[in-house]
Amino acid sequence: MKTVTLSTLKALKRAGEPFSCLTAYDATFARTAGDAGIEVLLVGDSLGMVLQGHASTLPVTLDEICYHTRSVARGKGASLLMVDLPFMSNASTECLLRDAGELMRAGAELVKVEGEAWMADGIRELTRRGVPVCAHLGLTPQSVYQLGGYKVQGREAEQATRILEDARALVEAGASVILLECVPASLGRAVSEALEVPVIGIGAGPDTDGQILVMHDVLGITHGRTPRFVKNFMTEADDIPGAFHRYHEDVKARRFPAQEHCF
Ligand code: KIV
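Residues numbered from 1 in each chain as written. Predicted model: local features only at pLDDT ≥ 70, side-chain atom pairs only at ≥ 80, totals over all residues. Heavy atoms only, no water.

Draft legend 1. Structural context of helix α2 (residues 27-35). Listed in full, the buried residues belonging to α2 are Ala30, Thr32, Ala33 and Gly34. Elements that come into contact with the buried residues of α2 comprise β1 (19-23), β2 (40-43), α4 (62-75) and α11 (240-252). For α2, the capping residue at the N-terminal end is Asp26, with a side-chain oxygen 3.2 Å from the backbone nitrogen of Thr28. Positive phi appears at Gly37, one or two residues downstream of α2, with a value of about 95°. (Buried < 20%, exposed > 50% of the residue type's maximum accessible area, 1.4 Å probe, protein only. Helix = DSSP H or I, 4+ residues; strand = E, 2+ residues; numbered from the N terminus. Contact = heavy atoms within 4.5 Å. Polar contact = N/O pair within 3.5 Å; in protein donor to acceptor, adjacent residues only side chain to side chain.)

Okay, here's the thing in structure tokens:
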């Protein structure tokens, strides 16, 4: 695979070719995912749940994310490396700039931040300084206690319109990528069609430009309730590289997500 950049993702979007994304937390899994052709790796703050055993992503610190970013950066090969800003990095613009700087120094090539249209100023300041941003909308896990759980967002027309408007405002402010989590497939399609930048979906239907899953879910080692949008690719593969390859191929062929994975 040729080195994946933001331009690659934009070109894939223009060509109507979906791309695959997967979380990674260490060098070996990053290399295995890259070898399977996965275009984007995310050092997600989901590490707080799948690696550390917390009930949410909130306890994860900047130092912990930097540690995993450095490991993934060493193994990632040609994939683009996106990294999560942890809970409360968006507390102020100063905080956002400082934390994003640390992530970029650790090896991030794109930083992901949760928040709505009010994040526009922060995103403008980041992009002004050369930090590419992915804005995470829909179900934003860092707000789980305010949302009252991991629930589908944008089911009501008014809320769906707000998510679409927020996405437009954040792209206008400079966001290079939008990530939509747990929204109806119709909204995933509407946002992807409305924007020129790539839209990555998780539980957002088959029509977003890219798809992302948490690595542990792809490997069928999810503990607790399995979300509807998850698929265990180990059932169709002989080994872990095979499961990553199958996930990538199914995204490319638009076989994943299927109807049963959508809201
Ligand atoms: O932290 C994470 O893994 C994420 C994905 C669920 C998109 O944000």
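Draft legend 2. Spotlight on the site of the ligand. What surrounds the ligand is the set Thr23, Leu42, Gly44, Asp45, Ser46, Asp84, Lys112, His136, Leu179, Ile202 and Val214. Between an oxygen atom of the ligand and a side-chain N or O atom of Asp84, the distance comes to 3.1 Å. Contact distances for the ligand include 2.8 Å between an oxygen atom and a side-chain N or O atom of Lys112. The fraction of the free accessible surface of the ligand (260 Å²) that becomes covered by protein chains is 95%. Mapping the ligand onto the cavity grids shows that it belongs to the largest pocket. (Near = heavy atom within 4 Å. Areas by Shrake-Rupley, 256 points an atom, 1.4 Å probe, with all protein chains shown as cover. 1 Å grid on protein atoms, 1.4 Å probe; cavity = no way out; pocket = protein on both sides within 12 Å on 5 of 7 lines; lining within 4 Å. Sits in = over half its atoms within 2 Å of the grid points.)

Draft legend 3. Highlighting the UniProt feature "binding site: 3-methyl-2-oxobutanoate" (unreviewed entry) in the protein. Summarizing the sequence annotation, UniProt attributes the feature "binding site: 3-methyl-2-oxobutanoate" (unreviewed entry) to Asp45, Ser46, Asp84 and Lys112 in the numbering used throughout. The annotated residues occupy 68 residues of the chain but converge on a single region, no pair of C-alpha atoms lying more than 12.5 Å apart. Within the annotated group just given, the residues that line the largest pocket are Asp45, Ser46, Asp84 and Lys112. Mapped onto the fold, Asp45 is located in the loop between β2 and α3 (47-50). (UniProt positions renumbered as here; feature names shortened; annotations may be inferred.)

Draft legend 4. Just the packing of aromatic side chains, in detail. Applying the stated criterion to the full structure yields 4 aromatic pairs. Centre to centre, the rings of Phe233 and Phe256 are 5.4 Å apart; their planes meet at 75°, and the pair counts as edge-to-face. Of the two residues, Phe233 is situated in the loop between α10 (215-218) and α11 and Phe256 in the segment after α11; the sequence distance between them amounts to 23 residues. Comparing Phe233 with Phe256 shows no difference in burial state: the two are buried. An aromatic cluster of three or more residues is present, and its members are Phe233, Tyr247 and Phe256. (Phe/Tyr/Trp six-rings, centres within 6.5 Å; stacked < 30°, edge-to-face > 60°.)

Draft legend 5. Representation of the pairing of strand β6 (residues 177-181) within the structure. For β6, a buried count of 5 out of 5 residues is recorded, marking the element as mostly surrounded by other parts of the structure. Side-chain alternation along β6 places Val177, Leu179 and Glu181 on one buried face and Ile178 and Leu180 on a second face that is also buried. Bridge analysis of strand β5 (residues 133-138) against β6 gives 5 bridges, and the strand direction is parallel. Along β6, the bridge assignment pairs Cys134 with Val177. The sheet contact formed by β6 and strand β7 (residues 199-202) spans 4 bridges and is parallel. Looking across to β7, one finds that Glu181 is bridged to Ile202. Between the parallel elements β6 and β7, the chain passes through helix α9 (residues 185-194) in a crossover that is right-handed. (Pairing = 2+ DSSP bridges. Right-handed = clockwise from strand over helix to strand, strands pointing away.)

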